[in-house]
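Listed below are the residues making up each chain.
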Amino acid sequence: MDAKAEILERIRRASVTPVQAARSELTISTRSRPDIVDQFAEYVAEYRATVVRASEGNLAKAIEALLKERGSRKVVVPHDFQADWCIAAEPDTGFTHRELAAMQTVITCCALGIAETGTIVLDAGRGQGRRALSLIPDHHICLIWEDQVVDSIPEGVLQLERAAKEGKPLTWISGPSATSDIELSRVEGVHGPRILDVVIVSVNS
């Protein structure tokens, strides 16, 4: 028996003692909603994303202003995106990756945001579209309602449990796509949109 076979045989014969991982009880945050949302906005901005506050009543104008600022004319949205938020956008009808790459901007909703890390999560729910839609265009406008922001990662994971069990893709976004090489040279746009605008929506008119 050679060394490799001997090692594998020892692994097969080894007994494994089950370990029950101890988990602390989840504590739901008692912080005020404004404090949680303000921290989320602050941390998102630290990732070099642009944060805009808007009410539901002026959401369309806020989106229009962002598109004008970026010079975007080719805009794509999920097929179930609310049309009156951006009438100039094209609903996704199954565009190829090449066709999505030709789009300047994508606009989506999201599943939730996490104040603790300034992270946004998409779970392919309503108004979010397929994963490729939010990863290929260079500019992403993401809409998040104030009541979608949770305080901590455990709270967020709890809310995502159902989507995870259903096998839905979870896309976690912490700022625009960026990576660094061994010399710490920062390159943006390698793994997703180079530009991220986050619109925090209040229900007040």
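Look up a bit, the structure's there.
Quick look at the structure, then. (Residues numbered from 1 in each chain as written. Predicted model: local features only at pLDDT ≥ 70, side-chain atom pairs only at ≥ 80, totals over all residues. Heavy atoms only, no water.)

Some thoughts on the nonpolar core
And then number 1: By size, the foremost hydrophobic cluster in this structure holds 20 residues, and its most contacted members are Leu59, Ile63, Trp85, Ile107, Leu143 and Val199.
And then number 2: Put simply, the parts of the chain that give this core at least two residues each are strand 1 (50-55), helix 3 (59-70), strand 2 (75-77), strand 7 (139-145) and strand 12 (195-202).
And then number 3: The element best represented in this core is helix 3, accounting for five residues.
And then number 4: For Trp85, the contacting residues outside a window of four places in its chain are Leu59, Ala60, Ile63, Cys109, Leu143 and Trp145.
And then number 5: Core analysis: the second largest hydrophobic core is formed by 17 residues, Val37, Ile144, Leu196 and Val198 among them. (Core = buried A, V, L, I, M, F, W, Y, C linked by side-chain atoms within 4.5 Å. Buried < 20%, exposed > 50% of the residue type's maximum accessible area, 1.4 Å probe, protein only. Helix = DSSP H or I, 4+ residues; strand = E, 2+ residues; numbered from the N terminus. Contact = heavy atoms within 4.5 Å.)

Concerning the sheet that holds strand 4 (residues 105-108)
And then number 1: Ordered in space as 1-12-7-4-2-3, the six strands form an open sheet in which the pairing is parallel. Each edge of the sheet is formed by a strand with only one pairing partner; in this case those strands are strand 1 and strand 3 (90-91).
And then number 2: Relative to the sheet, helix 2 (residues 33-46) contacts strand 1, strand 7 and strand 12, its axis offset from that of strand 1 by approximately 145°. (Pairing = 2+ DSSP bridges. Axes fitted to C-alpha atoms, helices over the stretch in contact; angles between N-to-C directions.)

A closer look at the environment of Ser202
And then number 1: Along the chain, the position of Ser202 falls in strand 12.
And then number 2: For the pair Ser202 and Tyr43, spaced 159 residues apart in sequence, the C-alpha separation works out to 18 Å.
And then number 3: In this structure, Ser202 is in contact with Ala54, Ser55, Glu56 and Glu146, ignoring residues within four places of it in sequence.

A word on the pattern of salt bridges
A pair can form between side chains of opposite charge whenever their charged atoms are brought close.
And then number 1: Using the criterion set out here, one finds eleven salt bridges in the structure.
And then number 2: Residue Glu6 pairs with Arg10 through a salt bridge whose shortest N-O separation is 2.7 Å. Of this pair, Glu6 and Arg10 both sit in helix 1 (residues 3-13), four residues apart, roughly one helical turn.
And then number 3: Residue Arg12 is joined to Glu9 by a salt bridge in which the shortest nitrogen-to-oxygen separation is 3.0 Å. A residue pair is termed a helical-turn pair when its members lie 3 or 4 positions apart in one helix, as Arg12 and Glu9 do in helix 1 at three residues.
And then number 4: Since its relative accessible area comes to 24%, Glu9 is described here as partly exposed. (Salt bridge = Lys/Arg side-chain N within 4 Å of Asp/Glu carboxyl O.)

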